[in-house]
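Given next are the chains, with one letter for each unit.
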Amino acid sequence: MREKATTLYIGPQHPGITGNMMVRLKIEGDTIVKATTEVGYLHRAFEKLQEKRNWLQSFTLMCRFCVPETDPMEELYARAVETIEGREVPERAKYIRVMVLELARLASFMLWYGGQNGSLGLYTMGQWSVGDRNYILDLFEELTGGRVYHMYIWPGGVRRDLPKGFEQKVLKTMDYLEKRLDDYDDLMFDNAIFKKRTKGVGIVDKETAIEHGVVGPVLRGCGIRSDIRIDDPYEVYDKLDFIVPTQEGADIWARALVRRQEARQSIRIIRQVIDMMPGGPVYNKIPNPQKWTLPKGDAYVRVESVRGEVGLYAASDGGLNPRRIHVRGAAYVHAITLLEDVLVGENIADVSAIMNSLGTCPPEIER
Amino acid sequence: MKEIKADLISKIKASFDNVTEKDYDGNRLDFHVETRIIPQILTYLKVNLGYIHLSHISCVDWLEDGEFEIVYIVWSPEDKLKVFIKTRIDRETGVLPNIDMIWRQANTYERELKEMFGIEVDGLVAADEFLLEDWEGLPPMRRDFDTEAYADETFWHRPGREDAMDVREAIIERSREEIPDFAKKYSR
């Protein structure tokens, strides 16, 4: 006998939702038969505000697009402006940018470890990883003055050079985190509950991935080797040696394994960058910001964040302010049409774990 | 990269009329096309030429020209080339064809274009409210939408903070001193 369908609302305020958004579920028993996402709870009109500000003022909004990953947004904006203007960036600044981007990736991985496990009721991991993330935030604080919002990678290079002895502190933190990742493995990947709750859940196969424009670990989790750092390299990624891990499972477990390996690759990249970093200036000074105009033109640049490809389209009309700034977040693609399709047939208890695994970040959807 | 671009230009021009291209340094190539052939050219790029990834859809409001410029950015993992397909539509009467049968996620972009710029998308699926709720009047991302006037009409200023409406004026009044013109002082 067919069960009567019920409607269940998850969010917009819910501990299992990764921000302010709602998923309206039609359920039969505890199985989802239809899912509809509802967004619009935190639209801040950043892109509109940026049209009213000059090129430097609008930069200060960039890091606020997605709180768990602020530096990729800064780098995108800086590179888009540099592309339109044809501004050269000093070599040392490029290495520092990569180091900061990879530190940001690591910090974001730490949050993901906590979020993914927390969504399954496994709270110890979050206490460990978010605690360890603070060591990275300490480094950011020393380098930029801010723990979460840095405004450090800006047009023309980076805001200031590394403090004395900073590289050694980074290397020491990397040694510590590398050991901790082994502890995380014991706690997470050897945990029977985690295995049982993630294997075969939240399947995104190759065909679905291409049809939906899926990126990042979700794409690599279904066996497609794709990474912006390799495919469309920026800064100095083409000079670095690292691997892009893939898995075939296409489920939450496979995506977790991809992220586990990627965190180790970030440590590997940071060590290389510090080893190869040249001397020299770190900033190609921009003109007076209040008189700074960019030539008419546009650019689209992309960066590999922890959630995958994040892009930025910028257009200039030759004036003091941007004509258009438009961010393409990984979550914009993953958390609306893909999420609605993937949730069908799943259990209501797995909604939060699937959202975490797809890298849902509502502030990035609404901007 | 030069050969890849030349090959692509010749294939596109052989298959479609009224297409102009613009080449850039690096791995970017733009095509300016008529709006009506958008679904055909994107399908051709995806199915025949391996541009399987729709990276972005954006819109620029050229108010002074009375037009919107719609930009579709597709990527080929094989060719490592970013192709921009650009088209212009009239700001008031222009209609955009729907492409969510080519890439499912295009639906999200189209819903946002309709809501934030007021662009009609022919055959738009799930055309219900996306980000805004009960919105009436000019779509907010249009250039002629006055953000400040909207804020003044919609919200109210908290009583007792009248003197803080402009921080600089409040400082001058309280300290009875002229505050320095920072812009002038620090301009290079």
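About the cut-offs
Residues numbered from 1 in each chain as written. Chains lettered and ligands numbered in written order. Predicted model: local features only at pLDDT ≥ 70, side-chain atom pairs only at ≥ 80, totals over all residues. Heavy atoms only, no water. Helix = DSSP H or I, 4+ residues; strand = E, 2+ residues; numbered from the N terminus. Buried < 20%, exposed > 50% of the residue type's maximum accessible area, 1.4 Å probe, protein only. Contact = heavy atoms within 4.5 Å. Areas by Shrake-Rupley, 256 points an atom, 1.4 Å probe, with all protein chains shown as cover. Pairing = 2+ DSSP bridges. Axes fitted to C-alpha atoms, helices over the stretch in contact; angles between N-to-C directions. Buried area = accessible area lost by both parts, 1.4 Å probe. Salt bridge = Lys/Arg side-chain N within 4 Å of Asp/Glu carboxyl O. Polar contact = N/O pair within 3.5 Å; in protein donor to acceptor, adjacent residues only side chain to side chain. Nonpolar A, V, L, I, M, F, W, Y, C, P; charged D, E, K, R; others polar. Disulfide = S-S within 2.5 Å. Phe/Tyr/Trp six-rings, centres within 6.5 Å; stacked < 30°, edge-to-face > 60°. Expected span 1.5 Å × (residues − 1). Parallel < 35°, antiparallel > 145°, perpendicular 65-115°, else oblique.

Undergrad: Can you lay out the overall build of chain B for me, pointing to particular residues and giving the numbers?
TA: If you tally the helices and strands in chain B, you get 6 helices and 7 strands. Every one of the 188 residues in chain B was classed for burial, and the buried ones make up 44%. The contacts in chain B between residues at least 6 apart in sequence include a share of 51% that link residues at least 24 apart. As presented, chain B carries roughly 10,600 Å² of accessible surface, and 50% of it is formed by carbon and sulfur atoms.

Undergrad: If you had to explain unusual backbone geometry to someone new, which residues and values would you point to?
TA: Residues and elements named next belong to chain A. For Met151, which is not glycine, the phi torsion reads 45° and is therefore positive. For Met151, a relative accessible area of 22% corresponds to the partly exposed category. A positive phi angle, near 60°, is found at Arg367, a position not held by glycine. Tracing the backbone shows Arg367 in the segment after helix H14 (362–366).

Undergrad: Explain the sheet that holds strand S3 (residues 53–62) of chain B to me, using residue names and the numbers behind them.
TA: All names here are of chain B. Across the sheet, 5 strands lie side by side as S1-S2-S5-S4-S3; this open sheet has mixed pairing. What marks the edges here is a single partner per strand, and that holds for strand S1 (20–23) and S3. Averaged over all pairs of adjacent strands, the angle between their axes in this sheet comes to 20°, without regard to strand direction. Relative to strand S5 (residues 81–90), strand S2 (residues 28–32) is paired through 5 bridges, and the arrangement is parallel. Each residue of the ladder has a partner; that of Phe31, found in S5, is Ile85. Against the sheet, helix H3 (residues 106–117) makes contact with S3 and strand S4 (67–76), and its axis sits at roughly 10° relative to S3, the strand it touches most.

Undergrad: Account for the interface of chain B and chain A, naming residues and giving values.
TA: Bring the parts together and some accessible area is lost; that lost area is often taken as the interface size. In this complex, chain B contributes 45 residues to the contact, which on the side of chain A involves 43 residues. The junction of chain B with chain A conceals about 3,800 Å² of combined surface from both sides, 50% of it contributed by carbon and sulfur atoms. For the pair chain B and chain A, the number of links is 8 salt bridges. Taken together, the connections running from chain B to chain A amount to 24 residue pairs in polar contact (both at pLDDT 80 or more). When its residues are assigned to classes, the side of chain B that touches chain A shows 22 nonpolar, 10 polar and 13 charged.

Undergrad: Quick one: what's the story with the state of the cysteines, residue by residue and with numbers?
TA: Residue and element names in this part refer to chain A. Applying the stated criterion to the full structure yields 1 disulfide over all chains. A sulfur-sulfur distance of 2.4 Å marks the disulfide that ties Cys66 to Cys361. Across the S-S bond linking Cys66 and Cys361, the dihedral sits near 120°, which makes this disulfide right-handed. With Cys66 in the loop between helix H2 (59–62) and helix H3 (71–85) and Cys361 in the loop between helix H13 (351–357) and H14, the pair connects residues that are 295 residues apart, well separated along the chain.

Undergrad: Just give me the short version of the sheet that holds strand S8 (residues 324–328) of chain A, but keep the residues and values in it.
TA: Residue and element names in this part refer to chain A. What the 3 strands build is an open sheet, ordered S6-S7-S8; its pairing is antiparallel. Because the sheet does not close on itself, it has two edges, and the strands there are strand S6 (297–305) and S8. When strand polarity is set aside, the average angle formed by the axes of neighbouring strands in this sheet is 15°. Both S6 and strand S7 (residues 308–316) contribute to a ladder of 9 bridges, which runs antiparallel. Looking at the pairing, Glu304 lines up with Glu309 of S7. Those strands touched by H3 are S6, S7 and S8, and its axis lies near 150° from that of S6.

Undergrad: Please provide a residue-by-residue account of the packing of aromatic side chains, values included.
TA: Enumeration over the complete set of coordinates arrives at 19 aromatic pairs over all chains. Ring centres of Phe59 of chain A and Tyr77 of chain A lie 6.0 Å apart, and the angle between their planes is 40°; this geometry places the pair in the tilted category. Pair noted here: Phe59 of chain A is in helix H2 and Tyr77 of chain A is in helix H3, with a separation of 18 residues, a long-range link. One exposure class covers both Phe59 of chain A and Tyr77 of chain A, and it is buried. Ring geometry for Trp135 of chain B and Phe145 of chain B: centres 5.9 Å apart, planes at 50°, overall tilted. In this pair, Trp135 of chain B sits in the loop between strand S7 (120–122) and helix H4 (147–154) while Phe145 of chain B sits in the loop between S7 and H4, placing the two residues 10 residues apart along the sequence. Owing to a relative accessible area of 27%, Trp135 of chain B belongs among the partly exposed residues under this scheme. For Phe145 of chain B, a relative accessible area of 11% puts it in the buried group. Grouping aromatic residues by their ring pairs yields a cluster made of Trp135, Phe145, Tyr150 and Phe155 of chain B.

Undergrad: Before we move on, could you go through helix H4 (residues 91–118) of chain A and cite the residues and values that matter?
TA: Helix length check: H4 of chain A, at 28 residues, gives a terminal C-alpha distance of 41 Å against a target of 40 Å (1.5 Å per residue), a fit within 8%. The element H4 of chain A is extensively covered by neighbouring structure, given that 23 of its 28 residues are classed as buried.

Undergrad: Could you give an account of the packing of helix H5 (residues 124–144) of chain A against helix H6 (residues 166–189) of chain A, naming the residues involved and the relevant values?
TA: All names here are of chain A. Taken N-terminus to C-terminus, the directions of H5 and H6 make an angle of 170°; their axes are 11 Å apart at the nearest point. The pairing of H5 with H6 is recorded here as roughly antiparallel in orientation. Across from Thr124, Met125, Trp128, Ser129, Asp132, Tyr135, Ile136, Leu139, Glu142 and Leu143 in H5, the residues of H6 making contact are Phe166, Lys169, Val170, Thr173, Tyr176, Leu177, Arg180, Asp183, Tyr184, Leu187 and Met188.

Undergrad: Explain the environment of Asp90 of chain B to me, and be specific about the residues and the numbers.
TA: All names here are of chain B. Along the chain, Asp90 turns up in strand S5. Classification of Asp90 by relative accessible area gives partly exposed; the value is 34%. Between the alpha carbons of Asp90 and Glu69 there is a distance of 9.0 Å; along the sequence they are 21 residues apart. Not counting residues up to four positions away in its chain, the partners in contact with Asp90 are Gly66 and Phe68. There is a polar contact of 2.8 Å between the side chain of Asp90 and the backbone nitrogen of Glu92.

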